[in-house]
There are 2 protein chains.
Amino acid sequence: MNRRTVIFISDGTGITAETLGNGLLSQFAGIDFRPVRFPFIDSLEKVENCLLRIEEIYKQDGVRPLVFMTLMNEEISRRLRMSDALFMDLFDAFISPLEHELGQRSNHSVGRSHGQENREYARRIAAMNFALAHDDGVSAADLKSADVILVGVSRCGKTPTSLYLSLQFGLMAANYPLIPEDFERDTLPPPLAPFRDKLYGLTISPEQLHRIREERRPHSRYASLANCRAEVAAAESLMRRAGITWFDMTSRSIEEMAVHLMQAVNRKANGS
Amino acid sequence: MNRRTVIFISDGTGITAETLGNGLLSQFAGIDFRPVRFPFIDSLEKVENCLLRIEEIYKQDGVRPLVFMTLMNEEISRRLRMSDALFMDLFDAFISPLEHELGQRSNHSVGRSHGQENREYARRIAAMNFALAHDDGVSAADLKSADVILVGVSRCGKTPTSLYLSLQFGLMAANYPLIPEDFERDTLPPPLAPFRDKLYGLTISPEQLHRIREERRPHSRYASLANCRAEVAAAESLMRRAGITWFDMTSRSIEEMAVHLMQAVNRKANGS
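Residues numbered from 1 in each chain as written. Chains lettered and ligands numbered in written order. Predicted model: local features only at pLDDT ≥ 70, side-chain atom pairs only at ≥ 80, totals over all residues.

Structural notes on the packing of helix H1 (residues 15-25) of chain A against helix H1 (residues 15-25) of chain B
1) Next: Look at H1 of chain A against H1 of chain B: their axes get within 9 Å of each other, and the N-to-C directions meet at 135°. When the interaxial angle is binned, H1 of chain A and H1 of chain B end up oblique. Handedness of the crossing formed by H1 of chain A with H1 of chain B: left-handed. Here H1 of chain A contributes Thr16, Thr19, Leu20 and Gly23 of chain A to the contact with H1 of chain B, which in turn contributes Thr16, Thr19, Leu20 and Gly23 of chain B.
2) Next: Residues that form the contact of H1 of chain A with H1 of chain B fall into these classes: 2 nonpolar, 6 polar and no charged. (Axes fitted to C-alpha atoms, helices over the stretch in contact; angles between N-to-C directions. Helix = DSSP H or I, 4+ residues; strand = E, 2+ residues; numbered from the N terminus. Parallel < 35°, antiparallel > 145°, perpendicular 65-115°, else oblique. Left-handed = near helix turned anticlockwise from the far one by under 90°. Contact = placed C-beta atoms within 7 Å. Nonpolar A, V, L, I, M, F, W, Y, C, P; charged D, E, K, R; others polar.)

Looking at the packing of helix H6 (residues 158-169) of chain A against helix H6 (residues 158-169) of chain B
1) Next: Running from N to C, H6 of chain A and H6 of chain B cross one another at 115°; their axes reach a closest spacing of 11 Å. As summarised for this structure, H6 of chain A and H6 of chain B are arranged roughly perpendicular, according to the angle between their axes. Like other packed secondary-structure pairs, H6 of chain A and H6 of chain B cross with a definite hand, here left-handed. Taking contact as the criterion, the partners of Pro160, Leu163, Tyr164 and Leu167 of chain A in H6 of chain A are, on H6 of chain B, Pro160, Leu163, Tyr164 and Leu167 of chain B.

Thoughts on the sheet that holds strand E6 (residues 173-178) of chain B
Residues and elements named next belong to chain B.
1) Next: Spatially, 4 strands are ordered E6-E5-E7-E8 in an open sheet, and the strand pairing comes out parallel. Looking at the sheet topology across the chains shown, the edges are occupied by E6 and strand E8 (246-248). Direction aside, neighbouring strands of the sheet carry axes that sit 25° apart on average. (Pairing = 2+ DSSP bridges.)

Thoughts on the domain arrangement of chain A
1) Next: Assigned domains within chain A: domain 1 (2-102) and domain 2 (115-269).
2) Next: Each of domain 1 of chain A and domain 2 of chain A has a C-alpha centre, and these two points are 39 Å apart. (Domains from an automatic or database assignment.)

Things to note about the sheet that holds strand E1 (residues 2-10) of chain A
Residue and element names in this part refer to chain A.
1) Next: Pairing is parallel across the open sheet formed by 4 strands, whose spatial order is E2-E1-E3-E4. Looking at the sheet topology across the chains shown, the edges are occupied by strand E2 (31-38) and strand E4 (86-89). Along the sheet, successive strands turn relative to each other by an average axial angle of 20°, direction set aside.
2) Next: Pairing between strand E3 (residues 66-70) and E4: 4 bridges, direction parallel. Paired with Phe68 across the strands is Met88, a residue of E4.

Some remarks on the interface of chain B and chain A
1) Next: Each partner contributes to the interface: chain B provides 49 residues, whereas chain A provides 49 residues.
2) Next: Put simply, the parts of the chain that give the side of chain B that touches chain A at least two residues each are H1, strand E3 (66-70), strand E4 (86-89), helix H4 (92-102), helix H5 (114-133), H6 and helix H10 (254-269) of chain B.
3) Next: A breakdown of the residues in the side of chain B that touches chain A according to their chemical character gives 28 nonpolar, 16 polar and 5 charged.

Let's talk about helix H9 (residues 225-242) of chain A
Residue and element names in this part refer to chain A.
1) Next: Here H9 contains 18 residues, and its C-alpha end-to-end distance of 26 Å stays within 8% of the 26 Å for a straight helix at 1.5 Å per residue.
2) Next: Taken together, the buried positions of H9 are occupied by Cys228, Glu231, Val232, Ala235 and Met239. Projected down its long axis, H9 shows its buried positions confined to an angular sector of 95°, all on one face. Turned more than 90 degrees away from the buried face of H9 sit Ala226, Ser237, Arg240 and Arg241, all of them exposed.
3) Next: The positive-phi residue at the C-terminal boundary of H9 is Gly243, with phi of around 70°. (Expected span 1.5 Å × (residues − 1). Buried ≥ 20, exposed ≤ 12 C-beta atoms within 10 Å, placed from the backbone. Arc of directions from axis to C-beta.)

Topic: the relation of the copies chain B and chain A
1) Next: Note on the copies: chain B fits chain A at an RMSD of 0.1 Å, the axial shift is 0.0 Å, and the rotation between them is 180°. In the structure described here, the two chain copies are related by an operation that fits a two-fold rotation axis. Of every C-alpha in chain B, the one belonging to Thr16 of chain B sits nearest the axis of rotation, 3.1 Å from it.
2) Next: Same-surface contact between copies: 100% of interface residues of chain B are shared with the interface of chain A. (Least-squares fit on C-alpha atoms with pLDDT ≥ 70 in both.)

Side note on unusual backbone geometry
Glycine aside, a negative phi is what most residues show, and trans is what most peptide bonds show.
1) Next: One non-glycine residue, Phe40 of chain A, adopts positive backbone phi at about 60°.
2) Next: Inspection of the secondary structure puts Phe40 of chain A in the loop between E2 and helix H2 (44-61).
3) Next: In this structure Phe40 of chain A comes out as partly exposed when scored by C-beta crowding, with 16 C-beta atoms within 10 Å.
4) Next: Although it is not a glycine, Asp142 of chain B sits at a positive phi angle of roughly 70°.

Observations regarding the pairing of strand E1 (residues 2-10) of chain B
Residue and element names in this part refer to chain B.
1) Next: Two strands pair when backbone bridges link them, and E1 and strand E2 (residues 31-38) are joined in this way by 8 bridges, in the parallel orientation. Within E2, the residue paired with Ile9 across the bridge is Phe38.
2) Next: Handedness of the crossover joining E1 and E2 through H1 is recorded here as right-handed.
3) Next: Sheet topology note: the E1/E3 ladder contains 5 bridges and is parallel. Across the sheet, Ile9 pairs through a bridge with Met69, a residue of E3. (Right-handed = clockwise from strand over helix to strand, strands pointing away.)

Dropping the structure here:
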């Protein structure tokens, strides 16, 4: 298979460059892209090491590497461009049109203001602590502080979704399991009753749930396909009658589910 | 303050478009950017709604909105461009140079292959379950499966960093606190002894630790600045003598810390 080295260079973590780069490269089938990462390149000294590595990679591969870069500092990016590679500069491509449109020059500084980052950071840490403290119904205290409360059967994806909502978006996300007792009583868990407008459901195909539960408790009644079918049907029926909007995790990633939930929360906040 | 609407449009979650867009806009001081998000725009029907909203926003603001877009489907993106906005098409800008460089046409399909996503998803969920099961030293069982074990004083940032490493990178990340008992004995917690090569330390300034602990247990000895100073000094001295590489969380975000740790783990794996 055709092989090609892809280099991600950033003055920050490089996560944005890598995510966008991977999205672009997924459009080219049949090539084995080998990633190399240079995060935190925020000085001319650090860029020299990149130049050496680019040269080595070129020699080794016999073809120039692809470089996806997000560098705010013009001097650093100019120095980098002296090496031989295909440069895809994610900032440079858009800074000029933005300067023209907004009628002002950009700052060309590295990163954002630290004050803002710290507040944002504190908010996400608080949200994560909330998500951990309110995981799997361990505590029903303080649910009035929740932005969102996820409900669904055991192992349908509530915990990773709550944690992602908190870590990525700073949302206070609790989650609460729907268990056989709730299905027998045929009502929502009583502690959730006052918070109807914050409840969102997750569901999953019984087949996928069965596979996930088998890994955790092989050959148990809990994991059996028959039981998964019954629980999913009972949970969906309960959510339907309670008027809870729910989402299907079956073919969705954690990120996709988190964004769907953010949209639903925002729609409700906007009263539409 | 000058106000401007920024629209993020994607056939996926839109997280990449938003992250890159925010990075670019942070370069323009003094403008109040108002974000509007249109994720999951993967059909011509859905794009019609975007066109209407763009028109509304233009009328309301009196100035055309800025649009950051990641759309794989050419027909959808062509239709979108019929509205009046400043389009920054994160894919379009780089697809042509890539096609030229790689000597092949791109697929222009929406998203990646689902098979790969599912494996990747399963790996990240398994990693998250591992991180939760091995948070704060709750279990020392199965530490041999860990890719990395973080140590540090209580509240220095071990939990969010472990969870981020697992959810974002699929790394099996355990964490273990360093507590007054360890400082008195002046050795690492005994269960960690066999895993010296997987240990990484986190540290933090005593002042920041004091602020964080005060929120949790106000006016306690645990949170006092004197105690925070003593614990941080003891932990750093212990890690120094044990030969553990450590990182300072003080002015770093969770993402930055996670990427620094990934780099350290990779350097060790490459034997350098």
